[in-house]
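Summary of structural features
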Amino acid sequence: SPVVPDDVLRERALEALTTARARTALLTTCVDDDELTAQHSPLMSPLVWDLAHIGNQEEQWLLRAVAGREAIRPEIDSVYDAFEHPRAERPTLPLLSPAESRTYASDVRGRVLDILEAHPLSGGPLVDSAFAFGMIAQHEQQHDETMLITHQLRRGPAALDAPEPPAGGTAGLPAEVLVPKGPFTMGTSAEPWALDNERPAHRRDVPAYFIDTTPVTNGAFQAFIAEGGYTDERWWAPEGWDQIRKHGITAPLFWRHEGGQWLRRRFGVTEPVPEDEPVLHVSWYEADAYARWAGRRLPTEAEWEKAARHDPVSGRSRRYPWGDEDPTATRANLDQRHLRPAAAGAYPDGASPLGVRQLIGDVWEWTSSDFLPYPGFVAFPYREYSEVFFGPGHKVLRGGSFAVDRVACRGTFRNWDLPVRRQIFSGFRTARDA
Ligand code: AVJ
Ligand code: FE
C-alpha cells in the first residue's frame, strides 16, 4: 500500500481525535451533573465514568506508552480499569466529579496534541502510521456509542436531537442476492488503523449463499411476533428460550403494544414503530429465532464480509461495499448524524457490487459466528482489547450502526457481544445456502 506522508497522518489523527472529543462533549453536556453521575441501568457505567476512562486510556497509551511521560494521576488508573470493576459496581467507586473528569480529559488532550505535532511516526508498531492515535480515537468513539446506549436507557425527556435520515424504499429491489461460491480475502494487513482482531488478511473459501438485500425490518419482525414467534419453542436456541421466558420477553427492547399498535421509546420520545426501518435492540437469540422461523439462518461472519467487500470483477476485497473511498453522508448512516436507522433500501450509493444495501451503518448485524482469532492473530497492543474475549461466549456483530463513527467502522471491523445483549444498537439480516 502507498506510503502516507507524516503530515497527512498527523492531520488525520488530529481530525479523528477532535471529532471524537466534540461528540464526547455533546453526550456529556446535554444532561446535568446529577444525570452524569447517576447509573441509568446496571448494564451501563455512569456517563462520568466513560468520560474519565476516555481520558485515562488516552493518557496511558499516548502520554505514557508513546511519549514516555509520567502518570498525571496514577491513583485513578485502577478506578478506570474496565477489567477491575464491572459496570454494575462503578457507581460505588471514588469517581472524579464531572468537572474534574472534564479537566482531566482536556488536560490529557492538550499534552497529546503537542506530542502529535512532533513525535516520529515510524520506528515501531505503536507509532507507525500514527496507529496509537487512531486506536485512541476509535476507543473514544466506541465509548461515545456506549454513552449513546446509556442515553437510550435513561428515563426522562429527550436530551438529544438530530435530523431524520434519508428515505428508503425496497420497491424494485430483490429480497435477496446470490453470492457465488469461491474464495475471498477476509481481514486486512493493509488498513493502517485496523485493530488486532481484524488482522491479518487471509483467504477464505465460501460456498454459494443467498443474503438479504437489506436488514430485516420492524414490519417483518412484527409478523414473527404476530405468528407466535416468541411463544413457539421450535424457533429458539435452548438458552434463548430460557432467557425470554425468565425475563418475559415478547418483543424487541423498548417496544410496547398499546391501543392495537406497536410503540417504542427512542431517546426520550415514544413513537409508533416504523415498519420499514431495520429492527433494532434484538438479542442474538431473537435474531436467530426469527431466521429459523423464516426458514433461513444468520449469515456467518465470512459470508457477511464477503458480501460487504468482495469485488467479483477484480477478485479483490474493498475497504467498504462501495469501494475504497471513505464513507460520506450519501453512502452510509454513521457518525450519530441521525439518531435512528434509515428505512430499508436507503443509501443506494453505499450498495455493494452485487447490490446489497446498508451493510455499513444503520444497525450492527448479528452473525452466526463466535468471536475467534484469525489464523496468524497477534494480540496488539494489549490482550484485553480482543484476545480475552475470544471463544464461544461472544457472537460477532458487523457493519456498524448509526451510532458508530466512521473511524471505528469499515468492512473488516469486528464487534462482539454476549448473545443475550439487546440494549446495543443491534439488528440483523438473514441468509440461506444456495
Ligand atoms: C469492541 C465495543 C466490544 O465497548 O467493550 C472499549 C470496545 N474496548 N474499551 C467494548 C472497547 C475497550 C468494546 N467493544
Ligand atoms: Fe474502554
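Not measured: the values here are computed from a predicted model.

Quick word on the overall build of the chain
Helix and strand counts for the chain stand at nine helices and twelve strands. For 434 residues, the compact-globule estimate of 2.2 N^0.38 gives 22 Å, and the C-alpha radius of gyration of the chain, at 21 Å, lies within 12% of that figure. The dimensions of the chain, computed from C-alpha atoms along their principal axes, are 60 × 50 × 40 Å. Within the chain, counting contacts between residues at least 6 apart in sequence, those at least 24 apart form 79% of the total.

Side note on the sheet that holds strand 9 (residues 391–398)
If you trace the four strands from one edge of the open sheet to the other, you get 10-9-8-11, paired in mixed fashion. Both outer strands of the open sheet, strand 10 (414–417) and strand 11 (426–427), are each paired with one neighbouring strand and no more. Looking at chain direction, strand 8 (residues 364–371) and strand 9 are connected through four bridges and run antiparallel. Bridging across to strand 9, Asp 370 finds its partner in Lys 395.

Side note on the packing of helix 3 (residues 47–66) against helix 4 (residues 98–118)
Describing two packed helices takes the angle between their axes plus the distance from one axis to the other. With their axes 9 Å apart at the nearest point, helix 3 and helix 4 run at an angle of 25° to one another. For the element pair helix 3 / helix 4, the angle class is roughly parallel. Where helix 3 crosses over helix 4, the two elements pack in a sense that is left-handed. In this structure, helix 3 uses Val 48, Leu 51, Ala 52, Ile 54, Gly 55, Glu 58, Glu 59, Leu 62, Leu 63 and Val 66 to contact helix 4, whose residues at the interface are Pro 98, Ser 101, Arg 102, Tyr 104, Ala 105, Val 108, Arg 109, Arg 111, Val 112 and Ile 115. Grouping the constituent residues of the contact of helix 3 with helix 4 by class yields 13 nonpolar, two polar and five charged.

What to know about the site of ligand 1
If you check the shell around ligand 1, you find His 139, Gln 142, His 143, Thr 146, Tyr 385, Asn 415 and Trp 416 and nothing else. Residue assignment for the shell around ligand 1 shows that the elements contributing at least two residues are helix 5 (131–153) and strand 10. It is helix 5 that contributes the most residues to the shell around ligand 1, four residues altogether. Residues of the shell around ligand 1, tallied by class, amount to two nonpolar, five polar and no charged.

Quick word on helix 9 (residues 301–309)
Of all nine residues in helix 9, eight are buried; the element is thus mostly enclosed. When we look at burial in helix 9, the residues that qualify are Glu 301, Glu 303, Trp 304, Glu 305, Lys 306, Ala 307, Ala 308 and Arg 309.

Quick notes on the pairing of strand 10
Side chains Arg 414 and Trp 416 project from strand 10 onto one buried face, and the interleaved Asn 415 and Asp 417 project onto a second face that is buried too. One ladder, built from four bridges, connects strand 9 with strand 10; its direction is antiparallel. Counterpart to Lys 395 in the pairing with strand 10 is Asp 417.

Details of the confidence of the model for the chain
Mean pLDDT over the chain works out to 97, with 100% of the residues at or above the 70 mark. Our summary of model confidence lists the complex with pTM equal to 0.98 and ipTM equal to 0.99.

As for the sheet that holds strand 5 (residues 255–258)
Here three strands make up an open sheet; going across it, the order is 5-6-7 and the pairing antiparallel. On the outer flanks of this sheet lie strand 5 and strand 7 (269–272), each paired with one strand and no other. Ignoring which end each strand starts from, the neighbouring axes of this sheet average 35° apart. Here strand 6 (residues 261–266) runs beside strand 7; their pairing, made up of four bridges, is antiparallel. By the bridge assignment for strand 7, Arg 265 is matched with Thr 270.

Description of the packing of helix 7 (residues 238–247) against helix 8 (residues 284–293)
Where helix 7 contacts helix 8, the axes come no closer than 9 Å and their chain directions differ by 115°. With respect to helix 8, the axis of helix 7 lies roughly perpendicular. When the axes of helix 7 and helix 8 are compared, the crossing they make is left-handed. Note on element contacts: helix 8 touches helix 7 through Tyr 285, Asp 288 and Ala 289, opposite Glu 239, Gly 240 and Gln 243. In the contact of helix 7 with helix 8, the residues fall into two nonpolar, two polar and two charged.

Regarding unusual backbone geometry
Put simply, Arg 199 and Pro 200 share a cis peptide bond, and its omega is -10°. With respect to the helices, strands and loops of the structure, Pro 200 is situated in the loop between strand 2 (182–186) and strand 3 (202–206). Going from Phe 380 to Pro 381, the amide bond is cis rather than trans, its omega being -5°. Tracing the chain through its elements places Pro 381 in the loop between strand 8 and strand 9. Of note, Phe 254 is a non-glycine position whose phi angle comes to about 80°, a positive value. Along the chain, the position of Phe 254 falls in the loop between helix 7 and strand 5. Among the residues examined, Phe 254 registers 18 C-beta atoms within 10 Å and is labelled partly exposed. A positive phi angle, near 45°, is found at Phe 267, a position not held by glycine.

With respect to helix 5
Taking 1.5 Å per residue as the helical rise, helix 5 with its 23 residues ought to reach 33 Å, and the 33 Å between its terminal C-alpha atoms agrees with that figure. Counting buried positions along helix 5 gives 20 out of 23 residues, so the element sits mostly inside the fold.

With respect to the nonpolar core
Ranked by internal contacts, the top residues of the largest apolar core, which has 91 residues, are Ala 13, Ala 52, Ala 132, Phe 133, Ala 137 and Ala 287. In contact with Ala 13, other than residues within four places in its own chain, are Leu 116, Ala 130, Phe 133, Gly 134 and Ala 137.

Quick look at the environment of Thr 214
Here Thr 214 lies in the loop between strand 4 (209–212) and helix 6 (218–226). For Thr 214, a count of 24 C-beta atoms within 10 Å translates into the label buried. Along the primary structure Thr 214 and Leu 173 are separated by 41 residues, whereas in three dimensions their C-alpha atoms are 9.3 Å apart. Setting aside anything within four residues of it in sequence, one finds Thr 214 in contact with Thr 170, Ala 344, Gly 345, Arg 357, Gln 358 and Arg 429.

Rules and cut-offs
- Residues numbered from 1 in each chain as written.
- Chains lettered and ligands numbered in written order.
- Predicted model: local features only at pLDDT ≥ 70, side-chain atom pairs only at ≥ 80, totals over all residues.
- Helix = DSSP H or I, 4+ residues; strand = E, 2+ residues; numbered from the N terminus.
- Rg over C-alpha atoms; globule rule 2.2 N^0.38 Å.
- Contact = placed C-beta atoms within 7 Å.
- Pairing = 2+ DSSP bridges.
- Axes fitted to C-alpha atoms, helices over the stretch in contact; angles between N-to-C directions.
- Parallel < 35°, antiparallel > 145°, perpendicular 65-115°, else oblique.
- Left-handed = near helix turned anticlockwise from the far one by under 90°.
- Nonpolar A, V, L, I, M, F, W, Y, C, P; charged D, E, K, R; others polar.
- Near = placed C-beta within 6 Å.
- Buried ≥ 20, exposed ≤ 12 C-beta atoms within 10 Å, placed from the backbone.
- pLDDT = per-residue confidence, 0-100.
- Expected span 1.5 Å × (residues − 1).
- Core = buried A, V, L, I, M, F, W, Y, C linked by C-beta atoms within 7 Å.

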